[in-house]
Amino acid sequence: MPIRFGGQECGGNQTQGGTMKRIAAVIPAGGYGTLDGRSCKLLAKIGGKAILLRVVEAVKAAGFSPVVVVVNKKYGKDIRAAVQEEGHFDVDYVDQPYRRGAADAVMQAVETLNGEETKNFLAVLGEMLFMSPGTMTELAREHITRQAHMSYLTCPHDPAHPLASHMEEYAFVDYESEGRLRVPMYSGRRPSRGTDVIGSAYVFRLEWFKLTFPRIIPMDKQDGFGVEYHLPAFVELAANNGYRFVNFRKFVPLEIFGINTPKHFEVAEQISESVVT
């Protein structure tokens, strides 16, 4: 059941001019990360449930529809099987043919969405296992209410928080002396206290994303896999080119914590156990 906000529906269908316009959800799960050297990290289980399954279920609980998971050729079959094994037969899948980053993965999914039915969509990474349905719908509500081209979740950095050291390599919002916004990524720079760390959840106007994607500058992380397209680059482009955007600031360190390394997985297990007990 979609969640309603002031006469508008957010997360499922939003009413515009008497026509039901859906807010889709795209979950990039086309990465090649592994925690054991063999299997997809997103299928590793925390509290008895695969990381990706937690994200799929949160998105569905929030009412977003349709839900599209982007997969690669290596792990796609395993991901489909794992999701369907839990009874989620209403999830769609799109293949990402090349290793080109999360923004490219989202673009593969966007090309399959019906622009007449879907005007806006949520993008949340498949590793964000603690992202709540409530935060997703609040982000979508702000996006619709403020008629933004894009909106993104941020969390003010608190060096004293137990998770802070695990998130210091995340993209964050910074400003140059002349006021231009910058989003440092893989630069070796670390956020300072109070800096807005980007939380890997975004809402975009579908057509704006499609028109803007070619303007995104790809990044080479010098890891041997070539250039990739990353979602935080849209933040910089929107802010510096006069587009309407929402920085949805919320102190939710746990919700922006994703699984990138075995250490992150270990921390997530500890968190899950503490919540259960």
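Rules of the game
Residues numbered from 1 in each chain as written. Predicted model: local features only at pLDDT ≥ 70, side-chain atom pairs only at ≥ 80, totals over all residues. Heavy atoms only, no water. Helix = DSSP H or I, 4+ residues; strand = E, 2+ residues; numbered from the N terminus. Rg over C-alpha atoms; globule rule 2.2 N^0.38 Å. Contact = heavy atoms within 4.5 Å. Areas by Shrake-Rupley, 256 points an atom, 1.4 Å probe, with all protein chains shown as cover. Buried < 20%, exposed > 50% of the residue type's maximum accessible area, 1.4 Å probe, protein only. pLDDT = per-residue confidence, 0-100. Pairing = 2+ DSSP bridges. Arc of directions from axis to C-beta. Salt bridge = Lys/Arg side-chain N within 4 Å of Asp/Glu carboxyl O.

**Quick word on the overall build of the protein chain**
Part 1 of the reasoning: Secondary structure assignment for the protein chain yields seven helices and 16 strands.
Part 2 of the reasoning: For the protein chain, whose C-alpha radius of gyration is 18 Å, the value lies close to the compact-globule estimate of 19 Å for 277 residues.
Part 3 of the reasoning: By its C-alpha atoms, the protein chain is 50 × 50 × 40 Å across when sized along the principal axes.
Part 4 of the reasoning: Residue pairs at least 24 apart in sequence account for 74% of intrachain contacts in the protein chain once pairs closer than 6 positions are excluded.
Part 5 of the reasoning: Summed over all atoms, the accessible surface of the protein chain reaches about 12600 Å², with 48% contributed by carbon and sulfur.

**A short note on the environment of Leu 181**
Part 1 of the reasoning: Of note, Leu 181 is situated in strand S12 (residues 181-182).
Part 2 of the reasoning: Overall, the relative accessible area of 2% leaves Leu 181 in the buried class.
Part 3 of the reasoning: For Leu 181 and Ala 239, which are 58 residues apart along the polypeptide, the C-alpha to C-alpha distance reads 6.5 Å.
Part 4 of the reasoning: Leave out the neighbours within four places in its chain, and Leu 181 touches Tyr 152, Val 173, Asp 174, Tyr 175, Val 235, Glu 236, Ala 239 and Asn 240.

**Brief notes about helix H6 (residues 232-240)**
Residue pairs spaced three or four apart in an α-helix point in one direction, given the helix's 3.6 residues per turn.
Part 1 of the reasoning: Along H6, the residues classified as buried are Pro 232, Phe 234, Val 235, Leu 237, Ala 238 and Asn 240.
Part 2 of the reasoning: The inward-facing, buried residues of H6 contact helix H3 (102-110), strand S10 (150-156), S12, strand S13 (196-205), helix H5 (206-212) and strand S16 (245-249).
Part 3 of the reasoning: Looking one or two places after H6, you find Gly 242, whose phi comes out positive at around 80°.

**Quick word on the confidence of the model for the protein chain**
Part 1 of the reasoning: The predicted model of the protein chain has a mean per-residue pLDDT of 88, with 91% of residues at 70 or higher.
Part 2 of the reasoning: Strand S1 (residues 3-5) is the least confidently modelled element of the protein chain, averaging 33 in pLDDT, while strand S7 (residues 67-71) averages 98, the highest of any element.
Part 3 of the reasoning: Across residues 15-21, confidence stays below pLDDT 50; counting only partners more than four residues off in sequence or on other chains, it has 15 contacts.

**Some points on unusual backbone geometry**
Part 1 of the reasoning: Looking along the chain, the bond that leaves Ser 65 and enters Pro 66 is cis, with omega of -5°.
Part 2 of the reasoning: Positionally, Pro 66 belongs in the loop between helix H1 (51-62) and S7.
Part 3 of the reasoning: One non-glycine residue with positive phi stands out, namely Gln 147, at about 50°.
Part 4 of the reasoning: Its place among the elements puts Gln 147 in the loop between helix H4 (133-145) and S10.
Part 5 of the reasoning: The exposure class of Gln 147 is exposed, given its relative accessible area of 52%.
Part 6 of the reasoning: Of note, Ser 200 is a non-glycine position whose phi angle comes to about 60°, a positive value.
Part 7 of the reasoning: Mapped onto the elements of the fold, Ser 200 is located in strand S13.

**Remarks on the pairing of strand S9 (residues 118-124)**
Part 1 of the reasoning: Among the seven residues of S9, six are classified as buried, and the element is accordingly described as predominantly covered.
Part 2 of the reasoning: Here S9 pairs with S13 via five bridges, running antiparallel. Residue Asn 120 lies in a different strand from S13, and its bridge partner there is Arg 205.

**Let's talk about helix H2 (residues 76-85)**
Part 1 of the reasoning: Residues of H2 that are buried: Gly 76, Ile 79, Ala 82 and Val 83. Looking down the long axis of H2, one finds its buried residues gathered within 130° of arc, a one-sided arrangement. The outward face of H2, more than 90 degrees from its buried face, is lined by the exposed residues Lys 77 and Glu 85.
Part 2 of the reasoning: Next to the buried residues of H2 lie H1, S7 and strand S8 (92-95).
Part 3 of the reasoning: Of the residues flanking the end of H2, it is Gly 87, one or two places downstream, whose phi is positive at about 90°.

**Things to note about the pattern of salt bridges**
Part 1 of the reasoning: The final tally for this structure, using the stated rule, is 17 salt bridges.
Part 2 of the reasoning: One salt bridge connects Arg 182 with Glu 176, and the closest N-O pair in it is separated by 3.1 Å.
Part 3 of the reasoning: Overall, the relative accessible area of 24% leaves Arg 182 in the partly exposed class.
Part 4 of the reasoning: Relative accessible area serves as the criterion here: at 31%, Glu 176 is assigned to the partly exposed category.
Part 5 of the reasoning: Via salt bridges that share partners, Lys 49, Glu 57 and Glu 86 belong to a single interconnected network.

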